[in-house]
Structure formats: structure tokens, C-alpha cells
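# Breakdown of the fold
Listed below, chain by chain, are the residues.
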Amino acid sequence: AVLVMGGGIGLVKSGGLPPFAEAFQAEGYAALTLDYLSFGSSEGTPRNVLSLSQELQDFRDVITWVRGNPYFNNEKIVAWGSSLGAMHPTALIAEDHGLAAAIVQCPAVDGLLAALQVTLWRSLPLTFLAVFDTIGSWFGLGPIYVATANTGKHTLAFLSAPDVPGGWARLMPEDHSPFLNQISARSLFSILVHRPALHTGRS
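I will try to describe carefully the structure that is included in this document.

## A short note on the sheet that holds strand β7 (residues 183–184)
Taken in spatial order, the three strands line up as β6-β5-β7 in an open sheet, and their pairing is mixed. Only two strands of the sheet have a single neighbouring strand rather than two, namely β6 (157–159) and β7. Sheet analysis places strand β5 (residues 145–149) next to β7, joined by two bridges and oriented antiparallel. Residue Val146 lies in a different strand from β7, and its bridge partner there is Ile183. In this fold helix α5 (residues 120–138) packs onto β5, β6 and β7, with an angle of close to 115° to the strand it touches most, β6.

## Some remarks on the side chain of Ser190
Counting through the fold element by element, Ser190 comes out in helix α7 (residues 187–192). Side-chain polar atoms of Ser190 contact the backbone nitrogen of Leu52, separated by 2.8 Å. Contacts of Ser190, omitting those with residues within four sequence positions, involve Leu50, Ser51, Leu52 and Ser53.

## What about the sheet that holds strand β4 (residues 101–105)?
Picture the strands of a sheet paired through backbone hydrogen bonds; they go either parallel or antiparallel. Ordered in space as β2-β1-β3-β4, the four strands form an open sheet in which the pairing is parallel. Every other strand in the sheet has two partners, leaving β2 (30–34) and β4 as the edge strands with one partner each. Going from strand to strand, the sheet's axes swing by 20° on average, the running direction of each strand aside. With five bridges connecting them, strand β1 (residues 2–6) and strand β3 (residues 77–82) associate as parallel partners. Looking at the pairing, Gly6 lines up with Gly81 of β3. Here helix α2 (residues 52–67) sits on the sheet in contact with β1, β2 and β3, set at roughly 160° to β1. Set on the sheet, helix α3 (residues 87–95) makes contact with β3 and β4; between it and β4 the angle comes to about 160°.

## Focus: the environment of Thr148
One can find Thr148 in strand β5. With a relative accessible area of 0%, Thr148 lands in the buried category. In this structure, the C-alpha to C-alpha distance between Thr148 and Glu22, residues 126 residues apart in sequence, is 26 Å. Those residues within four positions of Thr148 in sequence are excluded, and the remaining contacts are Ile9, Gly10, Ala157, Phe158, Leu159, Trp168, Asn181, Gln182 and Ile183.

## Side note on the pairing of β3
Along β3, six of the six residues are buried, which leaves the element largely enclosed by surrounding structure. Residues of β3 alternate between two faces, with Ile77, Ala79 and Gly81 on one and Val78, Trp80 and Ser82 on the opposite face, all of them buried. Crossover handedness for the path β3 to α3 to β4: right-handed.

## Brief notes about the packing of aromatic side chains
Taken as a whole and judged by the stated rule, the model has seven aromatic pairs. When the ring of Phe24 is compared with that of Tyr29, the centres are 6.2 Å apart and the planes differ by 85°; the resulting orientation is edge-to-face. Connected via pairs of aromatic rings, a cluster forms that spans Trp65, Tyr71 and Phe72.

## Points about the environment of Gln117
Here Gln117 lies in the loop between α4 (111–116) and α5. Distance in space between the C-alpha atoms of Gln117 and Thr151 is 20 Å, their sequence separation being 34 residues. Within the structure, the side chain of Gln117 is placed 3.2 Å from the backbone oxygen of Leu113, a separation counted as a polar contact.

Cut-offs applied
Residues numbered from 1 in each chain as written. Predicted model: local features only at pLDDT ≥ 70, side-chain atom pairs only at ≥ 80, totals over all residues. Heavy atoms only, no water. Pairing = 2+ DSSP bridges. Helix = DSSP H or I, 4+ residues; strand = E, 2+ residues; numbered from the N terminus. Contact = heavy atoms within 4.5 Å. Axes fitted to C-alpha atoms, helices over the stretch in contact; angles between N-to-C directions. Polar contact = N/O pair within 3.5 Å; in protein donor to acceptor, adjacent residues only side chain to side chain. Buried < 20%, exposed > 50% of the residue type's maximum accessible area, 1.4 Å probe, protein only. Right-handed = clockwise from strand over helix to strand, strands pointing away. Phe/Tyr/Trp six-rings, centres within 6.5 Å; stacked < 30°, edge-to-face > 60°.

Here's what the structure looks like:
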């Protein structure tokens, strides 16, 4: 049996996922972690541009690879996601009935509802930058980056709750690989339009 595991917004597989993967492996499961396209050790440019559609396809691609590998049990494949990454197992379990299960941790499974929880004084500048970043991308300009998490050094970030600095510190790569706390502003629009929770009735 195998778990295919992806992290949350702006994170890489070497940060946050290893303790969970190791715990599953200790119980006899295989655990495959992935970096989404343009993040971490993956390919793709420009870097750190979040596309939830692409991330979902990344999950599909890994699951397809697992199904073609005789080492794994095709009837015991589980999709696992945390935080914003929980959107993908939620979407997959509704469309792919060959999966054994989906596990979501601290899930964000409705981008619009999640965005509506953000205060107006934070959402307006993020939206302003997202619009300019999107327009710039149409003309081939590089991304406008915003901090993914407010660690106490940033006045504007996608994640800015009081417990973010401590939680973010625990998600840093254990192998000390380079990691940038940044994400393109245009990524906001990808979050807004993804609402996989609305389709879970098909699972």
C-alpha cells in the first residue's frame, strides 16, 4: 500500500512531510512525497508560481506512475494532503474511484471561502498585486513575489495568523536545502477559483 503525499501552500517535500512519511513507513506503508511544478526540486519556470490545476495534475501524474509500478498495490493507493494541499486529495477522491482513500490534514478545501476569512486590509493589497502580476505575465514579465508566511519580518503575506511564525518554523526543510518564503502574487486567483469541496458528493 502506498500514500502519495503533497504539502501546503508554497511548501516543498523536504519541509513538513518527512515526519509523516516516516511514520507511515514505520507501519509498513510506502510513502511518496512530491514537489509541485516550479517549487522545490521540481522543474518549471518562473519559480514559485502556484497553480492548483497544475498541482492537481502533478498528483495525477505520480498516481499514474504508481499504478504502473508492480512494486505497489494498485488497490491500496491513498492521496494525502495538508492545508491548501488538501484540495488535491479532495478533488481526486471525487474523480478517481480507484483510490482506496484520501487523507486531509488541517484542510482548506474551498478557496473562495478561505479567502473570505482574510481581513479587508490584507486582502486589498494582495488583490492589487495579484492583478498587476497577472497583467505582467501576459506581457512576459517576471512574477511579483509576496511572502508566503509572515514570520515577523514581512508586512504582507498570504499566511498571517498569530500562530504562523511558530508553525512555519516547524515546516522548514530538515535537510537544510534552500527554501524561499515567497510565492507569486498571481497565485491568489488560482486559490479563489478552486472549490473541490463542492464536488465531494461524487466520491
